[in-house]
Amino acid sequence: MLASLRIPLVIILTAALGLSRDALGIDLALRDQEYQKQILPLLERTCFDCHSGTEPAGGMALNHFPTAKSVLKERKTWEKIIQRVDIGDMPPPDADPLSAEDRAKLIDWLRSTITDVDCGRTPNPGSVTLRRLNRNEYRNTIRDLLGIDYAPASDFPGDDVGYGFDNIGDVLTLPPILMEKYLAAAEEITSQAIFAPEPGQLFEISLSGEQLSFKDGVNKGNGRLNFYANGFAEFSEQAPWPGAYTLELNMSASKAGDDPARMAISVDGKKIREIAVVAEVENPKVYSLPLRLRSGKRTIKIEFINDFYVEAKGKSPAQDRNAYLFNVRLVSRKPAEPTVAESLPESHKKIVIAQPGSLVPPEEAFRKVLQPLASRAFRRPATKAELDRIVQLATKAHEEGESYEGSIRLAIQALIISPHFLFKVEQVPKEIKAGEYPKISQFELATRISYFLWSTMPDDRLLQLAIKKELDKPEIIRSEVKRMIQDKRANEFVENFAGQWLTLRKLDLFQPNSQLFPSWNDRIRELARRETFTFFAGVMRDDMSIMTLLDGDFTYLNEDLARYYGIAGVKGKEFRKVSLSGQPRMGLLTQASILAVTSNPTRTSPVKRGKWILDNVLGTPPPNPPPGVPELEKGKLTGTLREQIEQHRANAACASCHKLMDPLGLALENFDAVGLWRTQDAGEKIDASGVLPDGSSVKHAGDLIRTLRSKNPDQFARCLTEKMLCFALGRGLEYYDRCTVDRILVKLKADDYRFSTLVTEILVSDAFQRHGEREAL
Amino acid sequence: MAPRLSRRTVLRGMGATIALPLMDIMTPFQSVRGSTAPEAPLRILFFNVPNGAHMPAWTPTKDGKGFELPETLKVLANHRKYLTVLTGLTLDGAHAHGDGGGDHARSGAAFLTGAHPRKTDGADIQNSVSVDQVTAAALGAKTRLPSLELGLEGSAQAGSCDSGYSCAYSSNLSWRNSTSPLAKEINPAAIFDRLFTGENVAGAAKNKSQKIEQRKSILDFVQEDARDLQRKLGAADQRKLDEYLYAIRDVENRIVKSDKLRVGEDGIPNYPRPAGVPREWDEHCKLMMDMTALAIQSDSTRVVTFMYANEGSNRGYPEIGAPEGHHDLSHHGKSEDKQAKVQKINAYHLSKFANFVDQVASIQENGASLLDNCLILYGSGISDGDRHNHNDLPIILLGRASGRLEANMHVRYPDNTPLCNLYLWMLHQVGIKADSFGDSNGVLKIS
């Protein structure tokens with residue numbers, strides 16, 4: 001009613017006042033007028049008695065919403081309010097009554113305000129915050145980039161979770177402890193990936209200054225050689241091999257005149273270099289010089305060449321420039337023996353594809369090795385400037401004595417600590433105009449797709465398609481989805497997406513009481529989880545309807561797990577498809593993993609199971625429990641679990657939500673806390689019947705599942721779509737994403753809910769392929 | 001005077017097999033030369049337990065010096081003269097303030113910040129800097145590690161952590177600023193390596209100073225990458241790169257400061273390197289407490305936070321007859337059985353802490369016990385787990401704060417006295433002249 005009136009009003013006002021609708025097609029000014037005049041007074045009269053002030057009922061204060069915009073900003077809160085008002089649960093009987101007309105007006109206005117997104121124009125595709133690789137992604141990417149499975153990655157600090165997933169850019173932080181681990185990991189990984197010859201034999205000769213022979217203006221004393229006037233000191237030594245040596249002179253000087261003391265260094269009479277000694281007399285410094293020596297007896301001469309002396313005259317003291325030599329070291333490492341090619345690790349052969357030689361200077365070899373590597377590490381062609389810098393890093397290390405391979409290691413370390421590797425970088429245009437949202441680059445798209453479906457870097461094929469600029473074509477995407485889903489890397493999607501959607505990661509924390517549930521153990525935990533993953537993977541790879549997840553009449557078992565369930569005829573360790581006909585089980589909801597993860601250590605929890613279904617199957621999380629839940633008057637609850645739950649529900653404050661959750665959970669009561677079938681609990685016969693909020697009555701789990709499946713299949717489809725879109729984008733969904741979800745649902749339904757269609761439609765959506773805005777409401 | 005060997009030369013001769021002696025060689029420059037013992041530094045530690053406590057067994061009935069030890073606190077009887085029980089403190093930031101449910105996430109996030117965290121599942125995380133980090137910013141330059149963030153449970157969990165709050169809130173106590181929580185380390189082996197071998201050595205034979213130089217060159221390289229990238233990205237992304245750059249600089253500082261590790265006259269105890277995270281909670285907890293003691297004893301850091309579990313944890317403790325989950329039990333609905341089990345868990349947690357205090361008390365430092373030079377807070381941001389109230393919190397202090405705290409008393413404050421008043425007092429003890437912290441409205445008087 002209100003809605004039909006509203007549209008012309010909007011048009012008239014927009015035309016008359018020249019008001020522009022915002023990017024979403026919502027005229028906030030108009031909405032605000034309506035809010036102030038019609039809605040706010042209604043809220044004040046009906047709700048504020050309880051829901052305002054410092055200790056509002058249910059922790060929910062409604063007097064914090066001065067404008068329509070503030071309502072829009074807290075959409076989630078208002079969705080729950082609509083839910084409660086709509087089911088007639090609010091306002092409660094003792095409040096100022098709300099007439100049917102006002103109730104409709106309130107709900108209509110709220111609903112249209114918070115969900116009215118103009119999907120006809122170009123809705124905002126949203127903006128993803130820079131995402132760091134989480135630890136799974138890191139491990140997988142290292143494996144695919146360098147061929148090393150770096151297990152300690154699972155030892156990185158846990159990645160924080162947002163919106164139920166651990167790949168959300170906003171919450172993936174980078175604390176210093178993690179950077180420390182990245183650094184250590186990079187060293188460990190590169191040392192595994194690349195064989196660098198062990199440092200060769202060490203040659204080292206250390207002499208005190210007084211041990212050198214000297215001539216002319218030099219004497220010894222005070223534990224040093226004193227160059228009081230021009231003169232030299234020298235020593236001879238057998239250089240054991242030809243190559244790079246380092247000469248270290250520990251020296252100081254007294255300053256006089258304008259110049260510092262200068263020393264000329266020569267080898268076998270040939271001057272190599274001059275150094276200026278600036279260290280003061282009592283604080284000598286080590287001056288280090290690289291030398292190249294031939295093997296055999298070499299004579300190294302250190303000569304003071306700029307003595308300066310002015311005699312004392314009247315009041316001015318003598319000026320005397322001297323130099324002092326405390327000790328001398330000559331060091332070298334023997335160049336490593338050439339390595340036998342066959343013994344090199346595979347990763348080494350793949351990475352070190354060039355060697356320096358007489359015709360190939362090291363810099364060129366580095367460039368050959370690092371160019372493909374840098375591009376794969378950054379998941380896009382590395383720029384020339386980037387490549388120059390990384391080659392320079394390796395070259396410099398090499399010049400300073402690091403081996404060729406060791407220098408490559410170093411360069412790779414830099415590559416995999418670089419933000420271009422650790423983050424899924426997307427270059428956002430400086431300005432984005434509403435309605436004109438640019439596409440992300442082909443390479444960024446490849447990265448998004450590959451981390452979504454594989455939790456790792458794009459493979460060569462995806463990068464090739466990106467280079468050819470074909471990756472965003474719908475037909476290409478469709479065929480790529482089919483290919484990628486069949487690839488074994490898609491197991492990562494199963495573990496990371498399904499594992500988190502179905503909350504199976506929490507299964508590790510579930511410790512049922514071993515006296516009450518002796519058949520459960522760590523092995524069953526693993527097998528049960530594997531059953532669910534295999535089942536999900538089966539539906540995905542056979543491209544079945546996603547509804548099969550709910551009501552599939554098969555599962556995957558091996559002998560041990562089949563015995564656990566009491567299902568006969570399955571032999572061997574391998575998991576295989578097993579029909580469930582004749583069993584009281586179907587789909588995910590009756591699998592032990594999910595039944596266990598929603599239980600308490602000593603008993604089932606119908607409330608948790610019910611909430612789990614609302615959260616993860618129906619996509620309608622119940623309102624939060626109010627803080628400071630009122631204590632039950634009678635104190636202890638008595639009777640069977642069902643009776644206790646019913647007593648709990650007798651409390652009006654609890655009833656409104658529990659009447660949503662409890663019947664769902666109670667229908668699964670025939671499965672105990674570790675998912676085994678039972679007909680009795682503590683001597684009482686199980687009653688799994690109940691009436692669902694929509695009025696349908698169910699007798700047991702099978703009824704429940706069929707009802708969920710047949711009555712409103714779109715609700716499950718929407719729930720799964722929203723979860724998967726959130727995981728795909730790496731951000732929480734916003735209200736404007738409703739358009740994307742709606743479009744996907746239309747296509748999905750038209751294609752019998754086929755799994756690959758869901759994935760494909762996500763990939764071709766604007767939300768996935770375009771840069772949008774981050775809305776500051 | 002004969003010139004001293006440079007650090008470079010010393011290291012070169014050492015070879016690969018030596019780990020701990022590195023410290024012995026490097027330290028005498030400071031600690032052997034001076035004959036007068038320097039004043040022992042003050043250590044500040046924060047221990048947090050989830051889900052509140054069974055308060056009737058926690059709060060002493062008598063106030064002042066003559067208080068009797070209530071049931072739960074009895075495990076601390078040996079250290080009574082170091083114990084201060086503070087009753088009546090409130091964490092207002094954890095209250096709903098119109099945000100609805102989520103008390104666990106809020107009290108975890110607010111416990112050391114006193115802020116009211118913004119309700120979000122991810123986007124726009126907003127908390128505030130935590131008291132340990134303010135302390136670390138002031139004291140951190142003096143030690144190798146500005147602070148340590150430890151815990152027994154990692155961050156990752158599936159699902160929303162608490163009623164629309166991101167898990168970042170319920171799993172992190174320490175916040176460097178309003179948007180960057182500091183993840184905790186849960187692996188005792190990793191901490192051991194950070195404390196005593198400095199770095200996780202790959203190819204240990206490599207000349208160490210060269211390795212340090214190479215690490216620096218890598219850090220320089222990636223810093224340039226990040227700065228270059230920062231210029232090209234939007235505001236939210238820049239925040240991420242700011243975190244990156246901070247982490248890089250922090251690691252760089254640690255490398256530079258790696259010769260600052262100070263060892264007491266009696267040296268580091270001969271402690272074996274832990275193998276990893278033990279399966280048993282009990283053993284895990286003990287090892288982490290040992291690492292905490294080693295860290296403060298070696299003066300590797302002066303600020304530690306220790307989180308027993310993520311706030312709202314539902315771990316069961318079958319080993320003490322409480323196999324049901326802690327969180328479920330804490331919603332006891334007045335059930336005596338459940339309340340008794342909650343009390344058991346409280347006492348169990350505290351007994352682990354008491355072992356830690358035993359250990360710290362037994363370490364001698366400048367003629368006193370290390371515990372004399374500690375200021376240790378232990379408590380929860382929730383009082384009764386069933387009501388989720390954030391006033392009347394269970395908070396105790398151990399240690400004498402180098403003589404600044406009298407201890408051995410129970411002090412009762414008017415209800416709604418901000419916990420942050422205590423933090424403000426603590427900041428003053430380490431010489432930070434702050435006027436306020438969080439929602440403080442004065443400096444707590446402990447007498």
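Because the structure is predicted, anything quoted here is derived from the model rather than measured.

Thoughts on the overall build of chain A
Piece 1. Regarding its fold elements, chain A presents 28 helices and 18 strands.
Piece 2. In chain A, the proportion of contacts linking residues at least 24 apart, taken out of those at least 6 apart, comes to 69%.

Some words on the overall build of chain B
Piece 1. Looking only at helices and strands, chain B features 13 helices and 11 strands.
Piece 2. Going through the 447 residues of chain B one by one, you find that 55% of them count as buried.
Piece 3. Nonlocal contacts in chain B, meaning residues at least 24 apart in sequence, comprise 70% of its contacts between residues at least 6 apart.

Observations regarding helix H9 (residues 362-378) of chain A
All names here are of chain A.
Piece 1. With 17 residues, H9 should cover 24 Å at 1.5 Å per step; its first-to-last C-alpha distance of 23 Å lies within 8% of that length.
Piece 2. Roughly 35 degrees is the biggest bend found in H9, and it falls at Leu370, with proline Pro372 one to four residues downstream.
Piece 3. Looking only at H9, the buried set comprises Ala365, Phe366, Val369, Leu370, Leu373, Ala374, Arg376, Ala377 and Phe378.
Piece 4. Where H9 is buried, its residues contact helix H6 (135-146), helix H8 (346-351), helix H10 (384-399), helix H11 (404-417) and helix H12 (419-422).
Piece 5. Immediately beyond the C-terminal end of H9, within one or two residues, lies Arg379, with a positive phi of roughly 65 degrees.

Description of the interface of chain B and chain A
Piece 1. The interface of chain B with chain A comprises 77 residues on the first partner and 79 residues on the second.
Piece 2. When residues of the side of chain B that touches chain A are traced back to their parent elements, those giving at least two are helix H6 (167-171), helix H8 (208-230), helix H9 (235-256) and strand E6 (322-325) of chain B.
Piece 3. Here the side of chain B that touches chain A gets 10 residues from one element, more than from any other, and that element is H9(B).
Piece 4. Classifying every residue of the side of chain B that touches chain A by side-chain character gives 31 nonpolar, 28 polar and 18 charged.

Remarks on helix H5 (residues 100-115) of chain A
Residues and elements named next belong to chain A.
Piece 1. Its 16 residues give H5 an end-to-end C-alpha distance of 22 Å, which sits within 8% of 22 Å, the value for a rise of 1.5 Å per residue.
Piece 2. Those residues of H5 that fall on the buried side of the exposure criterion are Leu106, Trp109, Leu110, Thr113 and Ile114. Buried residues in H5, looked at end-on, bunch into an arc of 110 degrees, giving them a common side. Facing away from the buried side of H5, by more than 90 degrees, are the exposed residues Ala100 and Glu101.

The rules we used
Residues numbered from 1 in each chain as written. Chains lettered and ligands numbered in written order. Predicted model: local features only at pLDDT ≥ 70, side-chain atom pairs only at ≥ 80, totals over all residues. Helix = DSSP H or I, 4+ residues; strand = E, 2+ residues; numbered from the N terminus. Contact = placed C-beta atoms within 7 Å. Buried ≥ 20, exposed ≤ 12 C-beta atoms within 10 Å, placed from the backbone. Expected span 1.5 Å × (residues − 1). Bend = angle between axes of the 7 residues up to and from the residue. Nonpolar A, V, L, I, M, F, W, Y, C, P; charged D, E, K, R; others polar. Arc of directions from axis to C-beta.

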